[in-house]
Amino acid sequence: MASDVDEGQETARVAREYFEALGRADGDAPRRFYAPEGRGHIHGVVGPSGPDELAVFFQEMFGAFPDWRFEILDVVAEGDRASVRWRARGTFAGPGTFMGFEPNGARVDLQGADMVWVRDGRLTRVEAYMNGAELARQLGALPPQGSATEERMARAFNLRTRLRRRLLGGDAEPVADGVWVVRGGFPGKSMNVYLVRDGDGVMLFDAGVRTMTDAVAAAGAALGGITRVLLGHGHPDHRGTAPGLGAPVLCHADNRADAEGDGGRHSFDYAKLRPYARPVFPYLLDQWDGGPVTIADTVAEGDRVAGFEVVDLPGHAPGLIGLWRESDRLALVSDCFYTLDPQTGVHGPPRVPHPAFNSDTEQARASIRKLADLEPAAAWAGHAEPVTGDVARQLRDAAATT
């Protein structure tokens, strides 16, 4: 049996010979050096790809940079893996293109590093890393660092960021002790995502719409990181950011099918909307929805979650839940009620959710009355503004309105 030293020497030999072949502009080297099942990944450029795909990539690169050369700077090997630090230089003289760019005569001089795995004298895996931004600068696709053009690009980028935050999602605003809201979405930043202190991080209650993902992720990071996402229900405008956050997602067992499926669309009745709104909502739902989520666990009425008690409030959706905190009589209730007209976007007093989107409107009325019986000091819904003041009276009036 070969020693670890012998294996490391063999790994270093194979790695050196492979890079020396590339240094001679041998575009067929991947086919000779990789194992048939081997994979290479040049991060930000190509892959993970097999030997044939990598050979095509290098052949095209050498066609774009006819004088391209690799220089091996260091090889450090141990066992079946090696680290190869390299320098590459060439002229973008063509006649071939590179990553869609036409040759412009630019000179490139880059350094990078590859991690290489070897078995039985063949490459089984290569992970290559280089400075993509520096490559783009040297090609002329990005302006030189510190130049006036780069400063103008930065100003334009920052303006776009501010506009996106204004239109699609902004900073976390305090709601109560240990609770914040991120408002976002189109139209009118009427989608609410709540962040609730959960240990050293925050739990999301409801997940808004897909376009809010960056804003919600940033707000969560600033508050210690997102620990989990609890869906009040799984409609497209309440699960939108969840697939993009990388946190476990929870919901009520009765809403799991919607959250993991079509978001409840199968139960929507667009015929109950005004004629002008009927073709609009399917389009909006497509824009809002982040897609199905995998539910890691479920909650039930009476469970304690991040300092709140789970309350069942079904009707708008099966398994719709709210969160109740007795200490300050705060209720976060998803779409138990609306404080806007979804067809016009006009804000107003609490009302029963629109019947076009309810699974059971009479049950929704009963849930609003149930919430009123808790006598909240403030009730924050999934959209628009909270209900404050005489909350119970306003909710009972809403439940009674037909």
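Residues numbered from 1 in each chain as written. Predicted model: local features only at pLDDT ≥ 70, side-chain atom pairs only at ≥ 80, totals over all residues. Heavy atoms only, no water.

Caption draft 1: Representation of the sheet that holds strand β9 (residues 191-198) within the structure. Reading across the sheet, the seven strands line up as β7-β8-β9-β10-β11-β12-β13 and stay open at both edges, with mixed pairing between neighbours. Unpaired on one side and paired on the other, β7 (173-176) and β13 (295-299) mark the two borders of the sheet. Geometrically, the sheet is characterised by an average inter-axis angle of 30° between neighbouring strands, direction not taken into account. Bridge analysis of strand β10 (residues 201-205) against strand β11 (residues 226-230) gives four bridges, and the strand direction is parallel. Bridging across to β11, leucine 204 finds its partner in valine 229. (Pairing = 2+ DSSP bridges. Helix = DSSP H or I, 4+ residues; strand = E, 2+ residues; numbered from the N terminus. Axes fitted to C-alpha atoms, helices over the stretch in contact; angles between N-to-C directions.)

Caption draft 2: Geometry of the side chain of serine 49. Relative to the assigned elements, serine 49 resides in strand β2 (residues 46-49). Residue class for serine 49 comes out buried when judged on its relative accessible area of 6%. (Buried < 20%, exposed > 50% of the residue type's maximum accessible area, 1.4 Å probe, protein only.)

Caption draft 3: Representation of the pairing of strand β4 (residues 81-91) in the model. Direction of pairing for strand β3 (residues 69-78) relative to β4: antiparallel, over a ladder of nine bridges. Looking at β4, one finds that phenylalanine 70 is bridged to alanine 88. Taking the residues between adjacent antiparallel strands as the criterion, β3 and β4 are bridged by two residues, where glycine 79 takes a positive phi near 60°. Pairing of β4 with strand β5 (residues 107-119) involves eleven bridges; the strand directions are antiparallel. Its bridge partner being in β5, arginine 89 is matched across the sheet by aspartate 109.

Caption draft 4: Fine view of helix α8 (residues 280-288). Along α8, the residues that are buried comprise Phe281, Leu284, Leu285 and Trp288. Along α8, the residues classed as buried sweep out an arc of 100° about the axis, all on the same side. Tucked inside the fold, the buried residues of α8 contact β9. (Arc of directions from axis to C-beta. Contact = heavy atoms within 4.5 Å.)

Caption draft 5: Expanded view of the packing of aromatic side chains. For the coordinates displayed, the defined rule picks out 17 aromatic pairs. Both rings, one in tryptophan 68 and one in phenylalanine 70, keep their centres 6.1 Å apart while their planes meet at 75°; by these two values the pair is edge-to-face. Neither residue differs from the other here; tryptophan 68 and phenylalanine 70 are each classed as buried. Centre to centre, the rings of phenylalanine 268 and tyrosine 270 are 6.4 Å apart; their planes meet at 75°, and the pair counts as edge-to-face. With a relative accessible area of 10%, phenylalanine 268 lands in the buried category. (Phe/Tyr/Trp six-rings, centres within 6.5 Å; stacked < 30°, edge-to-face > 60°.)

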